[in-house]
Amino acid sequence: MSASDKAGTGLDEPGDKKPKINLNRVEMPKQSPGERKHNFEEVATGYTVEMAMEEARRCIQCKKRNCQQGCPVNIDIPDFIRSLQQGDVESASRILKSKTSLPGICGRVCPQELQCEHACSLNKKGAPIAIGRLERFIADWERMEGAVSTPEIAPSTGKCVAVVGTGPSGLTVASDLAIRGHRVTMFEALHVAGGVLMYGIPEFRLPKEIVQREVQYVASLGVDIRLDTVIGINYSLDELLNTKYHAVYLATGAGLPQFLRVPGENLNMIYSANEFLTRTNLMKAYLYPEYATPVKMGKRVAVIGGGNVAMDSARCAVRLGARDVYIIYRRTRQEMPARFEEVENAEEEGIHFHFLCSPTGFISDGRNNVAAMELIRMQLGEPDASGRRRPVPIPGSEYVLDVDTVVVSLGTSPNPLLASTTPDLETSRRGTVIVGEGGRTSKARVWAGGDIVSGGATVISAMGEGRLAASSMHAFLSDSKR
Amino acid sequence: MKEVVRMFPITAHEHLAPKVHRMTVKAPVVAEKARPGQFVIVIVDEKGERVPFTISGWDTAAGTVEFVYIEVGKTTRQLAALKAGDELAHFVGPLGIAAQVDYFGHVVAVASGYGISALVPILRAYREMGNSITSILQAPDRERLFGREELEAVSDRLILAVGERGEEMATSATRPLRKLLGNHPREPLHRVVVMGSICLMRVISELTRPHAIKTVVHLTPLMVDGTGMCGACRLSIKGANRFACVHGPEFDGHEVDGWDVLMARRCTYADTSVHQQGFQCRGCSQW
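The numbers attached to residues start from 1 for each chain and follow its sequence in the written order. Numbering of ligands from 1 and lettering of chains from A proceed in the order in which they are written. Per-residue local features of the predicted model are confined to residues with pLDDT of at least 70, and side-chain atom pairs are confined, for both listing and counting, to 80 or more; whole-chain, interface and lining totals are unaffected and use all residues. Each side-chain value is derived from all of the structure's non-hydrogen atoms; neither hydrogens nor water enter the calculation.

### A word on the pattern of salt bridges
To keep things clear, this is the line we draw: Any Lys or Arg side-chain nitrogen located within 4 Å of an Asp or Glu carboxyl oxygen qualifies as a salt bridge. Think of it this way: any DSSP run of H or I at least four residues long counts as a helix, any run of E at least two long counts as a strand, and we number them from the N terminus. Buried means the residue's accessible area, taken with a 1.4 Å probe over protein chains only, is under 20% of the maximum for its type, while exposed means over 50%, and partly exposed covers the values in between.
Under the counting rule described, the total for this entry stands at 44 salt bridges over all chains. When the shortest N-O distance is used, the salt bridge between A:E209 and A:R213 registers 3.4 Å. Placement of the pair is A:E209 and A:R213 together in helix α11 (residues 208-220), with a separation of 4 residues, close to one helical turn. Under the relative-accessibility criterion, A:E209 is labelled partly exposed at 45%. As a salt-bridge pair, B:K33 and A:E239 come within 2.6 Å of each other at their nearest N and O atoms. A residue pair is termed interchain when its members come from two chains, as with B:K33 in helix α1 (residues 28-33) and A:E239 in helix α12 (residues 237-242). Salt bridges sharing common partners tie together A:K30, A:R36, A:R205, A:D312, A:R315, A:R319, A:E342, A:E348 and A:E349.

Below, the structure is given as structure tokens:
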């Protein structure tokens, strides 16, 4: 477990009376690679009460709350850990949920190693407190106990808010504003709420039941969720603003898949990661034919890209029965945007990594199915705009890799549907919505956040932007109450 | 707890020909914005797949939308078993860009299968713009001929192209079209619109290409979400990737490149989801 295994010898200095701090975190049980390769059940099975208490006891309750500052939604981390230390999971849960409505999700998919855990004081000497695992434990405990606490909801303000998109950012805004007494309606184009949490992140990383529980929790705050409704088609943004809604939050995500633009890319069995994951996760193709949507896959699968979505696609392919799965990435391991933990999980599951190579074309089997891909080797040149060294093709280094399925995971850009039907909404060249402070867009009474603004980031950053936008929207709605 | 799941009741379900049905669904939000040439995504039940159907009519006042479908696979067979009063789990739309409607002059419409009904709203809109319409209705045999009256009602002239059993389907509509093209430009054709199988749309596009008569086709590649998210329906138009769900489904048939790839992609899942006895499509990858 790499970072978590940073064994230390103790902070105790000679003559110090304080109890010795354990610099090793409590490991979270995981399914073994050999086992988990054959199922879609969650890889990490979560802390038991005893494990959670033991881990919580490692926290030294610093005066300076670095961890809290490292959290994009400012969770009172030392406080919920103190409750855990005292064995009071219920109050830990209340503290947690005063800042997030999605603890079961955040505890699983946040990159804590870059945020709260990175800021943890223990991180200087040993393994930081496993804040994410504790958060997950509390959320799961509450779910198992069945005693879901809901915060006090402010008296109705009579103001109506529309939230477009039911992903992490939209859910955060909806719950924040519902708690403050506004009447919130969420619109979802798909047939289930949750956005990327449902269609993108696989079951084995984030069980869909947990997502639906947290969606239902947001609904229980009085939020109306309208599925099968596409804003930009069923209602234009102006129709929302001109009817009953005083303010609108746009959180439609970045759903448009990017392709390589090389010859043969439309051959059969070449998928975008979005299609491959949507079939597998949202439509539950791994349970075909009980669920009606199939996903067709061969035995040699190449996944192109180095992000978390690429890891998710590759690990789905393993579970769907691929014999060989390759990750094709044009830079090296160091530049990979995927979380270290996910890369490690992928490696354990037998996925082969091909670094410093890039596809230049796909070859047909003569019946318009992909049979092989042509690649060119790369070397790293000067740093580009992202600060990473730019990959440069090495002339004459082309080679062929036999594959029968390809998943293209090169990132996504915002779906232009909404912007194209709203001419006065200012967007960037990449199609992202341009916002100012608090997520305000160029259009009056319209805010935006999440991937439609960032172009593609993390669940928690989408929630963080939602939190700021909700405050800004609340200030606006309260002000115009006069 | 607020209502999270909404159901969509079926208000009418008619049998039009063997394996061909018309379903009318109560979906006021969809009916409100529907325009000719758009489609809906239907999910039968919570374990169902998302399947696109081009709409063949709608009634804004009654809040209903109708589409014609052919039983070819798992979901369409499931649909066929439903009765008026039953409910569909999900019904999303109207999706895609509406058909381009303008004054063109003399329009020749070629329709087969579901396209016979789905073309009707487009032809009606053409007619309202003052176009004169010649329709060619293709059916494999008399028994499977349907939609004659509704197509006749929106056409100035209707030509039947009913092949005999065993005859090659894809070419039968081409005979009357060849005749019309033979009289062009003496009796000019200003636009051709085709809705039917991909094979038919391809063949017609190739027939009109030498005459440079604008030919629009309504492409129906496989789709998953139908809102531009998955890219399953991507196709190549003049060398650029386009998604049928958000950039189409109407395209210029002469600008479609890679028909072979398009046909192969269409059949990717034919073996798992199409159980139609004797289903055969020559020249594509899966059959």
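### Topic: the interface of chain A and chain B
This is how it is decided: The contact definition used throughout considers only heavy atoms, calling two residues in contact when any of these lie within 4.5 Å. Computed with a 1.4 Å rolling probe, the buried area is the accessible surface lost when two parts are put together, summed over both parts. Polar contact is the term for a pair of N or O atoms within 3.5 Å; when the atoms are in protein, one must be able to donate a hydrogen and the other to accept it, and sequence-neighboring residues count only if both atoms are side-chain atoms. Residue polarity is assigned by list, with Asp, Glu, Lys and Arg as charged and Ala, Val, Leu, Ile, Met, Phe, Trp, Tyr, Cys and Pro as nonpolar; anything else, Gly included, falls into the polar class.
If you look at the interface, chain A gives 51 residues, while chain B gives 47 residues. Carbon and sulfur atoms make up 53% of the area that chain A and chain B hide from each other, which totals about 4300 Å². A per-residue breakdown of the area chain A buries against chain B is headed by A:D228, A:N266 and A:K296, which together make up 15% of the total. In this assembly, chain A and chain B are joined by 18 residue pairs in polar contact (both at pLDDT 80 or more). Counting residues per element, the ones that place at least two in the side of chain A that touches chain B are α11, β3 (224-226), β5 (256-257), β6 (270-272) and α13 (273-282) of chain A. Ranked by the residues each element gives to the side of chain A that touches chain B, the list is headed by α13(A), at 4 residues. Class assignment for the residues of the side of chain A that touches chain B results in 25 nonpolar, 15 polar and 11 charged.

### So, unusual backbone geometry
In this structure, A:P289 follows A:Y288 across a cis peptide bond, with omega equal to 10°. In this structure, A:P289 sits in the loop between α13 and β7 (300-304). Put simply, B:H184 and B:P185 share a cis peptide bond, and its omega is 5°. Within the element layout of this structure, B:P185 appears in the loop between α6 (174-183) and β11 (191-195). Phi at A:M269 takes a positive value of approximately 75°, unusual for a residue other than glycine. With respect to the helices and strands, the residue A:M269 is situated in the loop between β5 and β6. Within the chain, B:A212 stands out as a residue other than glycine whose phi angle is a positive 55°. Here B:A212 shows up in the loop between α7 (198-208) and β12 (215-218). In this structure B:A212 comes out as exposed when scored by relative accessible area, which is 67%.

### Focus: the pairing of strand β9 (residues 132-139) of chain B
All names here are of chain B. Let me state the cut-off plainly: By this definition, two strands are paired if DSSP reports at least two bridges between them. Classification remark: right-handed applies to a crossover when, strands pointing away from the viewer, the course from the first strand over the helix to the second runs clockwise.
Judged by how many residues are buried, β9 sits mostly within the fold: 7 of 8 residues are covered. Note that strand β8 (residues 106-112) and β9 share 7 bridges and pair parallel. Opposite S112, over in β9, you have Q138 as the bridge partner. A crossover links β8 with its parallel partner β9, the connecting element being helix α3 (residues 114-128), and its sense is right-handed. Bridge analysis of β9 against strand β10 (residues 157-162) gives 6 bridges, and the strand direction is parallel. Bridge pairing in β10 links L137 to L160.

### Focus: the domain arrangement of chain B
Residue and element names in this part refer to chain B. Our working definition: Domain borders in the structure are assigned automatically or taken from a domain database.
We note that the domain assignment places domain 1 (8-95) and domain 2 (106-266) within chain B. Domain 1 puts 19 residues into the contact, and the matching count from domain 2 is 20 residues. Both sides of the domain 1 and domain 2 interface together cover about 1500 Å² of buried area, and 70% of this is carbon and sulfur. The interface formed by domain 1 and domain 2 holds 3 residue pairs in polar contact (both at pLDDT 80 or more) in total. Counting residues per element, the ones that place at least two in the side of domain 1 that touches domain 2 are β1 (8-17), β2 (20-26), β3 (39-43), β4 (51-59) and β5 (64-70). Among the residues making up the side of domain 1 that touches domain 2, the classes are represented as 13 nonpolar, 4 polar and 2 charged.

### A few points about the packing of α7(B) against helix α9 (residues 259-266) of chain B
Residue and element names in this part refer to chain B. Threshold: As a rule, the C-alpha atoms of each element are fitted with a line to give its axis, helices using only the stretch in contact, and angles between N-to-C directions run from 0 to 180 degrees. Orientation categories follow fixed angle ranges, with anything under 35 degrees roughly parallel, anything over 145 roughly antiparallel, 65 to 115 roughly perpendicular, and all other angles oblique.
For the pair α7 and α9, the least separation of the axes is 10 Å and the interaxial angle reads 170°. Taken together, α7 and α9 sit at an angle that is classed as roughly antiparallel. Of the residues in α9, those touching α7 at I198, C199, M201, R202, S205 and E206 are W259, D260, L262, M263 and R266. Counted by class, the contact of α7 with α9 contains 6 nonpolar, 1 polar and 4 charged residues.

### Considerations on the sheet that holds strand β13 (residues 234-237) of chain B
Read from one edge to the other, the open sheet built from 3 strands follows the order β14-β13-β16 (chain B), with strand pairing classed as antiparallel. Of all strands in the sheet, those bounded by a partner on one side alone are β14 (240-243) and β16 (256-257) of chain B.

### Examining the nonpolar core
Residue and element names in this part refer to chain A. Operational definition: Here, nonpolar core refers to any group of buried Ala, Val, Leu, Ile, Met, Phe, Trp, Tyr and Cys residues whose side-chain atoms link them within 4.5 Å.
I77, F80, I81, L134 and V184 are the most contacted members of the largest nonpolar core, which totals 78 residues. Among the elements that make up this core, the one with the highest residue count is helix α18 (residues 459-479) (7 residues). In this structure I81 touches A56, C59, Q61, I129, I131 and L134, once residues within four positions along its chain are discounted. Core analysis: the next-biggest nonpolar cluster, separate from the first, contains 48 residues, A285, A310, A322 and A346 among them.

### Points about the sheet that holds strand β2 (residues 183-187) of chain A
Note on sheets: strands pair through backbone hydrogen bonds, and any given pair is parallel or antiparallel. Residue and element names in this part refer to chain A. Strand order in the open sheet formed by 5 strands is β3-β2-β1-β4-β16, with parallel pairing between adjacent strands. Edge positions in the open sheet fall to β3 and β16 (446-448), since each of these has one partner strand only. Across this sheet, the average inter-strand angle for adjacent strands is 20°, counted without regard to direction. With 4 bridges connecting them, strand β1 (residues 160-164) and strand β4 (residues 247-250) associate as parallel partners. Each residue of the ladder has a partner; that of V164, found in β4, is L250.

### Details of the packing of aromatic side chains
What counts here: A pair of Phe, Tyr and Trp rings is counted when the ring centres sit within 6.5 Å of each other, with Trp represented by its six-membered ring. The angle between the planes then sorts it: under 30 degrees is stacked, over 60 is edge-to-face, the rest tilted.
Evaluated as defined, the whole model comprises 14 aromatic pairs over all chains. Centre to centre, the rings of A:F259 and B:F243 are 6.4 Å apart; their planes meet at 90°, and the pair counts as edge-to-face. Linking A:F259 in the loop between β5 and β6 with B:F243 in strand β14, this pair reaches from one chain into another. Under the relative-accessibility criterion, B:F243 is labelled buried at 5%. Where B:F67 meets B:Y69, the ring centres are 5.9 Å apart and the plane angle is 40°; that geometry is what we call tilted. With a relative accessible area of 0%, B:F67 lands in the buried category. When its relative accessible area of 1% is taken as the criterion, B:Y69 is described as buried.

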